[in-house]
Amino acid sequence: LELGGRASGASPRARGLACEGESRCLSTAALSRSGAPARPESARTHPVSQQLHFLDTMMFRSLSFALMLALAAAWRAPMRMSVQRADVVKLINTATSADQLLTSEVETFVKEAGKSMHPKLKKRITRKVAEIGGTVPEGWAKQPNLKLEARVALKAATEASDLVAIDAAIATAEGLKLDAEKVSELAAAQELKGQLEEAIAAKEAAVTALKEAIEAEEKDVDAISAAIEGAEAAGVDAETAELKTAITLKAELSVEPEAEAEAEPAAEEPAAEEPVAIADDAVAA
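All of these numbers come straight from a predicted model, not from anything done at the bench. (Residues numbered from 1 in each chain as written. Predicted model: local features only at pLDDT ≥ 70, side-chain atom pairs only at ≥ 80, totals over all residues. Heavy atoms only, no water.)

1. Quick look at the pattern of salt bridges
Side-chain pairing between opposite charges can occur once the charged atoms of the two side chains come close. Counted under the stated rule, the structure contains 4 salt bridges. Between arginine 151 and glutamate 185 there is a salt bridge, with its nearest N and O atoms 3.2 Å apart. With arginine 151 in helix H9 (residues 146–160) and glutamate 185 in helix H11 (residues 184–215), this pair connects stretches of sequence that are 34 residues apart. Using a relative accessible area of 36% as the deciding quantity, one classes arginine 151 as partly exposed. In this structure, aspartate 167 engages lysine 193 in a salt bridge whose closest nitrogen and oxygen atoms are separated by 3.1 Å. Residue aspartate 167 is located in helix H10 (residues 163–175), and its partner lysine 193 is located in helix H11; the two are separated by 26 residues in the primary sequence. (Salt bridge = Lys/Arg side-chain N within 4 Å of Asp/Glu carboxyl O. Helix = DSSP H or I, 4+ residues; strand = E, 2+ residues; numbered from the N terminus. Buried < 20%, exposed > 50% of the residue type's maximum accessible area, 1.4 Å probe, protein only.)

2. Remarks on a positive patch on the surface
Where like charges cluster on the molecular surface, the positive patch consists of Arg85, Lys120, Lys123, Arg124 and Arg127. A per-element tally of the positive patch places helix H8 (residues 117–131) first, with 4 residues. Structurally, arginine 124 can be placed in helix H8. (Patch = residues over 30% accessible without salt bridge, like charges linked within 9 Å, V, L, I, M, F, W, Y side chains within 5 Å. Areas by Shrake-Rupley, 256 points an atom, 1.4 Å probe, with all protein chains shown as cover. Lys, Arg positive; Asp, Glu negative; His and termini not counted. Charge placed at Lys NZ, Arg CZ, Asp CG, Glu CD.)

3. Examining helix H5 (residues 85–94)
Listing the buried residues of H5 in full gives Val88, Val89 and Ile92. Projected down its long axis, H5 carries its buried residues within an arc of 100 degrees, all on one side. Residues of H5 that are exposed and point more than 90 degrees away from the buried face comprise Ala86 and Lys90. Where H5 is buried, its residues meet helix H6 (98–101), helix H7 (104–111) and H8. (Arc of directions from axis to C-beta. Contact = heavy atoms within 4.5 Å.)

4. A look at the packing of H9 against H10
Helix-helix packing: each pair is described by the crossing angle between the helix axes and the interaxial distance. The geometry of H9 relative to H10 is characterised by a closest axis approach of 9 Å and an angle of 160 degrees between their N-to-C directions. Taken together, the axes of H9 and H10 are roughly antiparallel relative to one another. Considering how the two elements wind past one another, H9 and H10 form a crossing that is left-handed. Of the residues in H10, those touching H9 at Ala150, Ala153, Leu154, Ala157 and Thr158 are Ala165, Ile166, Ala169, Ile170, Thr172 and Ala173. When the residues that make up the contact of H9 with H10 are grouped by side-chain class, the tally is 9 nonpolar, 2 polar and no charged. (Axes fitted to C-alpha atoms, helices over the stretch in contact; angles between N-to-C directions. Parallel < 35°, antiparallel > 145°, perpendicular 65-115°, else oblique. Left-handed = near helix turned anticlockwise from the far one by under 90°. Nonpolar A, V, L, I, M, F, W, Y, C, P; charged D, E, K, R; others polar.)

5. A short note on the confidence of the model for the protein
On average, residues of the protein score 77 in pLDDT, and 66% of them are at 70 or above. Ranking the helices and strands of the protein by mean pLDDT puts H10 first, with 95, and helix H1 (residues 2–6) last, with 46. Low pLDDT, under 50, characterises residues 1–8; the stretch is placed with 7 contacts to residues that sit more than four places away or in other chains. Confidence drops under pLDDT 50 across residues 77–81; counting only partners more than four residues distant or on other chains, this segment forms 1 contact. (pLDDT = per-residue confidence, 0-100.)

6. Description of unusual backbone geometry
Generally, phi is negative for residues other than glycine and the peptide bonds are trans, each holding for most cases. Notably, alanine 141 is not glycine yet its phi reads approximately 55 degrees, a positive angle. On the secondary structure map, alanine 141 appears in the loop between H8 and H9. Owing to a relative accessible area of 0%, alanine 141 belongs among the buried residues under this scheme. The phi dihedral of serine 161 is positive, around 55 degrees, even though this residue is not glycine. When you line up the elements, serine 161 lands in the loop between H9 and H10.

7. Points about the packing of H11 against helix H12 (residues 221–234)
Orientation of H11 relative to H12, taken along the N-to-C sense of each, is 160 degrees, at an axis distance of 9 Å. Taken together, the axes of H11 and H12 lie roughly antiparallel to each other. Here the hand of the crossing between H11 and H12 comes out left-handed. Contacts between H11 and H12 pair Ala202, Lys203, Ala206, Ala209, Leu210 and Ala213 from the former with Ala223, Ile224, Ala227, Ile228, Gly230, Ala231 and Ala234 from the latter. Class assignment for the residues of the contact of H11 with H12 results in 11 nonpolar, 1 polar and 1 charged.

Below is the structure:
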């Protein structure tokens, strides 16, 4: 108002500037009372600044949208590369050569299909290949016989007497619901597993007996000898530390009594009595 009063006696241009300044002050005061942030004068009035701000906003939005499209395409790329059932059915209906059907991708899809879908798809592909003058190779898209493979693994593990392999083969066979009463390989593997576990337990017990005999305060040769015999009967490896120590200790204890016996002096034998001479006179008397 002061500015307008001062400009009342001025030129029209000055009065216009004063009114413009007054309106700006009033609008700024109104914004401050409402709590809204005041925009800079340059941003509200300068047309170039407004255009630049608009261009920056549009460029940011465009770049963001392009980035989202690129990410979506990258995420969907592997899905498009995989073969689906619809793709296989379309190939069966539209293929003009056997090479179009007998690809590795189609074979993998048919091989990994379920029990109900696998024979149907393979039958349709075989018929289509025959119609267009081709031949399906033997064993193409053949599903593995898991039960047969499990029986082969059981037999191999049993022949190798490998407890770890036997455990794994038995677990696989039981997962396939194989019955030991009907599958001889499974029954043989289970029996051998029990025998191997018993042998391992016997070896561990024999090694424990060796330790007790070695670490006893009073060394007993007979106890050490019995522990050694039990370890050898259980099949303990000759290079086992406890067995080697027991054999060495037994040898040392066996030498000491013999040395003591040799060191004792021999008992003195009684001297033989000398014959007594009898005089002739005594005989005559």
